[in-house]
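# Report on the structure
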Amino acid sequence: AGNPLLCKNLPMRGQIESRRSERRVTSPQTLRLGCLNVRGCSTLESKRCEIGGMFLERKMDVLALCETKMKGKGEMEFGDVTGRVSGVERGRAREGVALLLSEWLMRLAVEWRGVSSRLMWVRVRIGRECWAFVSAYGPGCEKSEEERDVFLE
């Protein structure tokens, strides 16, 4: 299996200064983003602790989780990291998504939305820009075309 983590240097507008008509980046900020299909972490606290430990060890800023198989919406502890989850409301939990944010990004969060057990996002204000981080878990080809269409809408 390959490394699911994506790293990229992204300039943030809060770090851009004007010089006459030219705008230049004074120092780019690195955001460490990742996504994991955890294949269930609702019943095993040890698995959630392992996920949180990896998040901290790799000094990540955002980690999107899918197939958490959790019920309900709200905050959930992943070891020493607090995340937000969006799972099924009733019935068997087969889906579920979550987002973990670093402490500094958590302070900049302005809006959370758990759309469904397959989709959630958080909006973060960084400088004068508003960024959205999304966790999505789309239905696979084994699901009906109708279910896939509902997700895409």
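An account of the accompanying structure is given in this report. As the structure is a computational prediction, the values presented were derived from the model and not from experiment.

What follows concerns the pattern of salt bridges. Inspection of every chain in the model, using the stated rule, returns 6 salt bridges. Between E75 and R84 there is a salt bridge, with its nearest N and O atoms 3.7 Å apart. Looking at E75, the relative accessible area reads 55%, which means it is exposed. Of the charged contacts, one joins R118 and E147 as a salt bridge, the two residues approaching to 3.8 Å between their closest N and O atoms. Of this pair, R118 sits in the loop between β9 (109–116) and β10 (119–126) while E147 sits in helix α3 (residues 145–152), placing them 29 residues apart in sequence. One salt-bridge network, held together by shared partners, links E95, R118 and E147.

Take the sheet that holds β10 next. Sheets are built from strands that pair by backbone hydrogen bonding, the pairs being arranged parallel or antiparallel. Here we have 3 strands laid out as an open sheet, ordered β9-β10-β11, and antiparallel in their pairing. Every other strand in the sheet has two partners, leaving β9 and β11 (129–136) as the edge strands with one partner each. Between one strand axis and the next, the sheet turns by 15 degrees as a mean value, whatever way the strands run. In this sheet, β10 lies alongside β9 in antiparallel orientation, the contact comprising 6 bridges. Of the residues in β10, the one forming a bridge with S116 is L119.

In this structure, L99, L101, L105, W112, V122, V124 and F133 are the most contacted members of the largest nonpolar core, which totals 16 residues. Every element with two or more residues in this core is listed here: β5 (62–66), β8 (97–101), β10 and β11. Sort the elements by how many residues they give to this core and β10 lands first, with 4 residues. In this structure L105 touches L31, D61, V62, V124, I126 and F133, once residues within four positions along its chain are discounted. Judged by nonpolar contacts, the second largest core, of 15 residues, contains C41, M60, M70 and A98.

Rules of the game
- Residues numbered from 1 in each chain as written.
- Predicted model: local features only at pLDDT ≥ 70, side-chain atom pairs only at ≥ 80, totals over all residues.
- Heavy atoms only, no water.
- Salt bridge = Lys/Arg side-chain N within 4 Å of Asp/Glu carboxyl O.
- Buried < 20%, exposed > 50% of the residue type's maximum accessible area, 1.4 Å probe, protein only.
- Helix = DSSP H or I, 4+ residues; strand = E, 2+ residues; numbered from the N terminus.
- Pairing = 2+ DSSP bridges.
- Axes fitted to C-alpha atoms, helices over the stretch in contact; angles between N-to-C directions.
- Core = buried A, V, L, I, M, F, W, Y, C linked by side-chain atoms within 4.5 Å.
- Contact = heavy atoms within 4.5 Å.

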